[in-house]
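Next come the chains, spelled out residue by residue.
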Amino acid sequence: MSWYQRYRKYKQLVKEIVFEQSELDYIETIIEEIKPELAKLERCYLQKNNFNFDDIPASVNIPPTDSTGIIKMKQQPESKIKHFARMYKMIAKKAHPDKLINRPRTEEVIEKEEMFAAATTAYKSSDWAKFLEIAVKLEIRPISLTLLISEIPKETEKLKEKKEKLKQTFGWQLYECGEDEACKEKLIRKVMNQVYNV
């Protein structure tokens, strides 16, 4: 495969990982926005069935969850791929505020500074979708396309797995119920049974 073909493949993979990240962001937003409705339905269920939160057994151990409602697990530290470190340096060469200090504060300069800040945040949090999106916008041509072509699908798969886990949460299930009251009632019974053993 020629360099140009590998580069086109790389750009396609970047589009795919960015799409998966945007889907994940959408699902997380929906779950966060629907939390108050879920809490309200829980309270209504308890009142309707003459339960009081004080009546719920103290032995119910609710595991800690993250902001999206997924049970927190010990995470293994994600290793940073050396090539991403090289790409980060290339981004810094094009967009670091110190490199732009002698240029007039135009819209382009401000945009590059914002891109650098976003790339830094993405790099530190291993948000490779955002990181690669910025690299493509800045026209950073990776040195090792072969490595990236093999690594990006792995990162994309991780995003898909996160999406599937989120779709199993009660918040997403409530969202999928839409206006179907029977679906909501069934879901709340399931929530109360699984979470509170009520």
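Q: Hey, could you go over the overall build of the protein chain for me, with residue numbers and the actual values?
A: Each helix and strand in the protein chain was counted, giving 7 helices and 0 strands. Each helix and strand of the protein chain, ordered N terminal to C terminal, gives the series α-α-α-α-α-α-α. The buried share of the protein chain, reckoned over its 198 residues, is 35%. Once local pairs closer than 6 in sequence are excluded, the contacts in the protein chain between residues at least 24 apart make up 75%. Carbon together with sulfur atoms contributes 51% to the accessible area of the protein chain, which is approximately 13,000 Å² in total.

Q: An account of helix 6 (residues 170-177) is needed here, citing residue identities and associated values.
A: Every α-helical turn comprises 3.6 residues, leaving residues that sit three or four positions apart pointing alike. Where burial is concerned, most of helix 6 is hidden: 6 out of the 8 residues are buried. Turning to helix 6, its buried residues are Phe170, Gly171, Trp172, Gln173, Leu174 and Cys177. Looking at the buried positions of helix 6, the neighbouring elements they touch are helix 1 (3-48), helix 5 (145-166) and helix 7 (181-196). Phi turns positive one or two residues past the end of helix 6, at Gly178, with a value near 60 degrees.

Q: Quick one: what's the story with the nonpolar core, residue by residue and with numbers?
A: Residues Tyr10, Phe84, Met87, Ile91, Phe131, Leu132 and Ile152 are the most contacted members of the largest nonpolar core, which totals 35 residues. Contributions of two or more residues to this core are made by helix 1, helix 2 (82-95), helix 3 (107-124), helix 4 (128-137) and helix 5. In terms of residue count, the dominant contributor to this core is helix 1 (9 residues). In this view, Phe84 contacts Tyr123, Trp128, Phe131, Leu132 and Leu148; residues no more than four positions away in its chain are not counted. Formed by 11 residues, the second largest nonpolar core is a distinct cluster that contains Ile34, Leu38, Leu187 and Met192.

Q: With reference to specific residues and values, describe the packing of helix 6 against helix 7.
A: Interaxial distance between helix 6 and helix 7 falls to 9 Å at its minimum, and their mutual angle equals 170 degrees. In terms of orientation, helix 6 and helix 7 fall into the roughly antiparallel class. Of the two elements, helix 6 crosses helix 7, and the hand of that crossing is right-handed. Along its contact with helix 6, which presents Phe170, Gln173, Leu174 and Cys177, the element helix 7 presents Cys183, Lys184, Leu187, Lys190, Val191, Gln194 and Val195.

Q: Run through the state of the cysteines, naming residues and quoting values.
A: As enumerated under the stated definition, the model contains 1 disulfide in all. One disulfide in the model links Cys177 with Cys183; its S-S distance is 2.1 Å. On the S-S bond that ties Cys177 to Cys183, the torsion sits near -60 degrees, and the link is left-handed. The buried category is assigned to Cys177, whose relative accessible area is 7%. According to the relative accessible area criterion, Cys183 is partly exposed, its value standing at 28%.

Q: For helix 4, give the residues involved together with the corresponding values.
A: Where helix 4 is concerned, the buried positions are Trp128, Ala129, Phe131, Leu132, Ile134 and Ala135. Each element contacted by the buried residues of helix 4 is listed here: helix 1, helix 2, helix 3 and helix 5. At the exit of helix 4 stands Glu139, carrying a positive phi of roughly 60 degrees.

Q: Can you lay out the confidence of the model for the protein chain for me, pointing to particular residues and giving the numbers?
A: Parts of the model with low pLDDT should not have their predicted coordinates read in detail. Per-residue confidence for the protein chain averages 84 on the pLDDT scale, and 85% of its residues sit at or above 70. Low pLDDT (under 50) marks residues 58-62, which in the prediction has 4 contacts with non-local residues, meaning those over four places away or in another chain. Contacts for the low-pLDDT stretch residues 71-80, under 50 throughout, to residues beyond four places or in other chains number 14 contacts.

Q: Let's hear about a positive patch on the surface: which residues, and what values?
A: Positive charge collects at one region of the surface, where Arg8, Lys11, Lys15, Lys94 and Arg141 lie side by side. The element best represented in the positive patch is helix 1, accounting for 3 residues. Mapping Lys11 onto the fold places it in helix 1.

Cut-off values and rules
- Residues numbered from 1 in each chain as written.
- Predicted model: local features only at pLDDT ≥ 70, side-chain atom pairs only at ≥ 80, totals over all residues.
- Heavy atoms only, no water.
- Helix = DSSP H or I, 4+ residues; strand = E, 2+ residues; numbered from the N terminus.
- Buried < 20%, exposed > 50% of the residue type's maximum accessible area, 1.4 Å probe, protein only.
- Contact = heavy atoms within 4.5 Å.
- Areas by Shrake-Rupley, 256 points an atom, 1.4 Å probe, with all protein chains shown as cover.
- Core = buried A, V, L, I, M, F, W, Y, C linked by side-chain atoms within 4.5 Å.
- Axes fitted to C-alpha atoms, helices over the stretch in contact; angles between N-to-C directions.
- Parallel < 35°, antiparallel > 145°, perpendicular 65-115°, else oblique.
- Left-handed = near helix turned anticlockwise from the far one by under 90°.
- Disulfide = S-S within 2.5 Å.
- pLDDT = per-residue confidence, 0-100.
- Patch = residues over 30% accessible without salt bridge, like charges linked within 9 Å, V, L, I, M, F, W, Y side chains within 5 Å.
- Salt bridge = Lys/Arg side-chain N within 4 Å of Asp/Glu carboxyl O.
- Lys, Arg positive; Asp, Glu negative; His and termini not counted.
- Charge placed at Lys NZ, Arg CZ, Asp CG, Glu CD.

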